[in-house]
Amino acid sequence: MSLDSRGAVAQAARRRTFAVISHPDAGKSTLTEALALHAHAITRAGAVHGKTGRRRVASDWMEMEKVRGISVTAAALQFAHRGCVLNLLDAPGHADFSEDTYRVLAAVDCAVMLIDAAKGLEEQTRKLFDVCRHCGIPVITFVNKWDRPGREALQLDAIEREFRLSPTPVTWPVGDAGDLRGLIDVRTPEQMLRYTPALGGAQEAVEEAISADRAAAEEGPMWDQAVEELELLRAADAMHDQEAFLAGRTTPVFFGAAISNIGVRLLLDAVVDHAPSPGPRELVGGGTRPVDAPFAGLVFKVQANMAPSHRDRIAFIRVCSGAFERGMTVMRAATGTPFATKYAHSLFGQDRSTVDVAYPGDVVGLVNAHALRVGDTLYAGQAAVFPPMPSFAPEHFAVAGPVDVSRSKQFRRSIAQLDEEGVVQVLVSELRGEQAPVLAAVGRHQADTLHKRNHRRHPDSDRP
Ligand code: GDP
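Quick caveat, the model's predicted, so the values are computed rather than measured. For every chain, the first residue of the written sequence is number 1, and numbering continues from 1 onward in sequence order. With pLDDT at 70 or above as the cut-off, local features in this predicted model cover only qualifying residues; side-chain atom pairs require 80 or more to be listed or tallied, and sums for whole chains, interfaces and linings still use all residues. Computation of side-chain values covers all heavy atoms of the structure but excludes hydrogens and water.

### Things to note about the overall build of the chain
Under the convention used in this document: Secondary structure follows DSSP: runs of H or I at least 4 residues long count as helices, runs of E at least 2 residues long count as strands, and numbering of each begins at the N terminus. Whether a residue is buried, partly exposed or exposed follows from its accessible area with a 1.4 Å probe, protein chains only, as a fraction of its type maximum: under 20%, in between, or over 50%, in that order. For this analysis, residues touch if any pair of their heavy atoms sits within 4.5 Å. Here, Shrake-Rupley sampling with a 1.4 Å probe gives the accessible areas, and only protein chains in the shown set may cover a residue.
Per the secondary structure count, the chain includes 12 helices and 25 strands. Counting across all 464 residues of the chain, residues that qualify as buried make up 54%. Restricting to contacts in the chain with at least 6 residues of sequence separation, those with at least 24 account for 71%. With the model as given, the accessible surface of the chain reaches about 20300 Å², and the carbon-plus-sulfur share is 50%.

Right under this line is the structure:
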């Protein structure tokens, strides 16, 4: 085993690559920020939350990147926690479905399913969960907004009923939703964790462990009820089991309030303790690519014109095996042609900085990677082809054509760009020819994105 591959094995063991899946408004941005805050990737989470705060959050990260040297991309956030390197990939959670989300889930090893306590399982959560199951990704559940009146914790059986996934709570709330008094870590049931949130959630909440006696005296019936519920769970054998979790049969459940950073540290610990590190990946034609093989990576996202100041195309690659070294020449499996990364910087945050080396589980953004397509495999050494990205039956269709026939060349170019970015599936029939391709989208959002790009609808398109 070469020094490099030994390095890749050790580095892969330290990596946790995951995504947060949720219905819009469940608190994904807030939780992401809270996780980064706890991992000390940032010292101050943006105090402004909600839709208008998002850009601010992103810019805070970018600011922090400069100050602390953390790595932020539009596709992934990287931070360290307890000796591990966590890669949090952004799985876009639009009101509607888009293929981007599927693709991101093909690039992670674990998902955190975020549920709004008051709303329970929602449509988008269901769809995303289906994708996790399809991709064989284990799921950790975080029940958010427990500081707001909501459902009772025991309605967790909805997860069992709807997802055929047994919830195994690792933390349990003391106090009903809307009156959160603290949490019990089921591994240390003789104490209660009480939180004093920082104003505006700008810093970690102060966590204090108080004894069962004191909790019983101070919280009275609420403590007694939580203890009783925990006993029921224990009797039902609803306890975390690593093997069952990795096999997708159970989901460890955490409660909290991302906005005040309650329960977030325990979730972060769970990602380190329970989420799997990158392992061997299946290859087309059978067999697997072990993490200590030479470099191989999967293009899971291609984005054009990401920042107004950088008019170009970025391909995001998840490293699957070996070490990616900047400047190395790799092979593109789809064409069998070499691809030189020396002209392609890695992009982190607004500013391009270079990544010298990345290990399995990490995300590298290659700028000006015009040749690359979503689903491509890049490799060094022995050839590898990862299976194609899962694709899903489109539900929205439109026939496109140039508004001005004299601009048909530009039209074809922009259609090709949409295809390469994977914004939509471009279907060209022999009958209609290239001037009238059918654009097919999996979700309405995808169709809307397309519409915004100003393509004329053909009169016989069936949906807007
Ligand atoms: P996203 O659409 O899933 O990214 O959700 P956001 O993070 O933007 O949060 C949606 C709304 O829920 C915002 O107004 C947040 O302030 C709010 N929110 C997020 N987490 C919590 C929480 O733990 N408790 C409460 N009460 N509100 C929260």
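And the narrative resumes.
### Quick word on the pairing of strand β3 (residues 76-81)
The line we're drawing: Paired strands, as defined in this entry, are two strands with at least two bridges between them according to DSSP.
In this sheet, strand β4 (residues 84-89) lies alongside β3 in antiparallel orientation, the contact comprising six bridges. Following the sheet pairing, Gln78 is matched in β4 by Asn87. Between β3 and β4, which pair antiparallel and follow one another directly, the connecting turn spans two residues, one of which, Arg82, has a positive phi of 45 degrees.

### Some remarks on the packing of aromatic side chains
Selection criterion: We call Phe, Tyr and Trp rings a pair once their centres come within 6.5 Å, taking the six-membered ring for Trp, and we label the pair stacked below 30 degrees between planes, edge-to-face above 60, and tilted otherwise.
This model, assessed by the stated rule, comprises five aromatic pairs. On the numbers, 4.2 Å between centres and 10 degrees between planes, the contact of Phe129 with Phe163 is stacked. Residue Phe129 is found in helix α5 (residues 123-135), and its partner Phe163 is found in helix α6 (residues 157-163); the two are separated by 34 residues along the sequence. Like Phe129, the residue Phe163 is buried in the burial classification. Centroid distance Phe300 to Phe316: 6.5 Å. Interplanar angle 40 degrees. Geometry classified as tilted. Here the residue Phe300 occupies a position in strand β15 (residues 296-304), and Phe316 occupies one in strand β16 (residues 313-321), the gap between them amounting to 16 residues.

### Some words on the confidence of the model for the chain
For clarity, the cut-off: For every residue, the pLDDT score states the predictor's confidence, bounded by 0 at the bottom and 100 at the top.
On average, the chain scores 79 in pLDDT, and the residues at 70 or more come to 75%. The model gives residues 64-73 a pLDDT under 50, and that stretch makes 31 contacts with residues more than four places away or in other chains. In this model residues 347-353 is a low-confidence stretch, pLDDT under 50, and it forms 29 contacts with partners more than four residues away in sequence or in other chains. Scored as a whole, the predicted complex attains pTM 0.82, and scored at its interfaces, ipTM 0.99.

### Considerations on the side chain of Thr377
Note that Thr377 resides in strand β22 (residues 377-379). Take Thr377: its relative accessible area is 1%, and that puts it in the buried class. If we ignore the near neighbours within four places in the chain, the residues touching Thr377 are Gly297, Met331, Arg332, Ala333, Ala384, Val385 and Phe386.

### Considering the packing of helix α2 (residues 28-38) against helix α10 (residues 264-274)
Our working rule: Here an axis means a line fitted to C-alpha atoms, over the contact stretch when the element is a helix, while the angle between two N-to-C directions is reported on a 0 to 180 degree scale. With respect to orientation, any angle under 35 degrees is reported as roughly parallel, any angle over 145 as roughly antiparallel, any angle of 65 to 115 as roughly perpendicular, and every other angle as oblique. For this scheme, ten residues count as nonpolar: Ala, Val, Leu, Ile, Met, Phe, Trp, Tyr, Cys and Pro. Four count as charged, namely Asp, Glu, Lys and Arg, and the remainder, Gly too, count as polar.
Contact pair α2 / α10: the axes reach a minimum separation of 9 Å and the direction vectors enclose 80 degrees. Taken together, α2 and α10 sit at an angle that is classed as roughly perpendicular. Contacts between α2 and α10 involve Leu31, Ala34, Leu35 and His38 from the former and Val264, Arg265, Leu267 and Leu268 from the latter. Classifying every residue of the contact of α2 with α10 gives six nonpolar, one polar and one charged.

### Notes on the pairing of strand β5 (residues 110-116)
What counts here: Note on handedness: a crossover is taken as right-handed if, strands pointing away from the viewer, the path from the first strand over the helix to the second is clockwise.
Of all seven residues in β5, seven are buried, a share of seventy percent or more. Residues Cys110, Val112, Leu114 and Asp116 point to one face of β5 and Ala111, Met113 and Ile115 to the other, with burial holding for every one of them. Where strand β1 (residues 15-22) lies against β5, five bridges are found, and the strand directions are parallel. Counterpart to Phe18 in the pairing with β5 is Cys110. As judged from the six bridges shared by β5 and strand β6 (residues 139-144), these two strands associate in the parallel manner. When the bridges of β6 are listed, Val112 appears paired with Ile140. Assessed by its sense of winding, the connection that carries the chain from β5 through α5 to β6 is right-handed.

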